[in-house]
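Structural features, examined
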Amino acid sequence: LGAVKFPQREHDMVSLGMVGTALRLVVTADHNLLIKGACGKPQRCSASDIVKRKAEEGIVEIFDGADFCQVGVAETFVKSVQVVEVQFEEDAVALIWLLP
């Protein structure tokens, strides 16, 4: 468990918009999220791969801890930001909430 703060620099970023909300989840392109896998179960996928899948397959769903939410918009961009990497035991999954 811990957190590592990296100096500000340019990062490849991904912005994901879920169907039914105007809110966006913005993460680094290499950030892992859980998507609906082939068997309907959550599987790890990088944010950049979600953008590719959205472009190729049209429908991508992200797991929110209880259900799958459809990605409506998936975009990449480059931005100079300071990143904090939160580390969990055994690379465990963390739930997040998007507040309005």
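To be clear, the structure that these remarks concern was listed above.
Everything numeric in this text was worked out from a predicted model, so none of it was measured.

What counts, and at which threshold
- Residues numbered from 1 in each chain as written.
- Predicted model: local features only at pLDDT ≥ 70, side-chain atom pairs only at ≥ 80, totals over all residues.
- Heavy atoms only, no water.
- Helix = DSSP H or I, 4+ residues; strand = E, 2+ residues; numbered from the N terminus.
- Rg over C-alpha atoms; globule rule 2.2 N^0.38 Å.
- Buried < 20%, exposed > 50% of the residue type's maximum accessible area, 1.4 Å probe, protein only.
- Contact = heavy atoms within 4.5 Å.
- Areas by Shrake-Rupley, 256 points an atom, 1.4 Å probe, with all protein chains shown as cover.
- Lys, Arg positive; Asp, Glu negative; His and termini not counted.
- Charge placed at Lys NZ, Arg CZ, Asp CG, Glu CD.
- Core = buried A, V, L, I, M, F, W, Y, C linked by side-chain atoms within 4.5 Å.
- Phe/Tyr/Trp six-rings, centres within 6.5 Å; stacked < 30°, edge-to-face > 60°.

**A closer look at the overall build of the protein chain**
- Looking only at helices and strands, the protein chain features 1 helix and 8 strands.
- Secondary structure elements in the protein chain, listed N-terminal to C-terminal, are β-β-β-β-β-α-β-β-β.
- Here the C-alpha radius of gyration of the protein chain, 14 Å, is about what a compact globule of 100 residues would show, namely 13 Å.
- Principal-axis analysis of the C-alpha atoms gives the protein chain an extent of 35 × 30 × 25 Å.
- A total of 100 residues make up the protein chain; the buried ones form 27% of that total.
- Sequence-distant contacts, at least 24 apart, represent 58% of the contacts inside the protein chain between residues at least 6 apart.
- As displayed, the protein chain has an accessible area near 7000 Å², and 52% of this comes from carbon and sulfur atoms.
- The distance from the centre of the 10 positive side-chain charges to the centre of the 14 negative ones in the protein chain is 3 Å.

**Some words on the nonpolar core**
- Core analysis: the biggest nonpolar cluster contains 16 residues, and V14, L16, L33, I35, I50, I62 and V71 have the highest contact counts within it.
- When contributions to this core are tallied by element, the ones reaching two or more residues are β2 (9–18), β3 (24–28), β4 (32–36), α1 (47–57) and β7 (68–81).
- Apart from residues lying up to four places away in sequence, V14 is in contact with L25, V26, V27, A29, A47, S48, V51, E75, T76 and F77.

**As for the packing of aromatic side chains**
- Taken as a whole and judged by the stated rule, the model has 1 aromatic pair.
- Ring centres 5.1 Å apart and planes at 50 degrees place the aromatic pair F63 and F68 in the tilted group.
- Judged by its relative accessible area of 21%, F68 falls in the partly exposed class.

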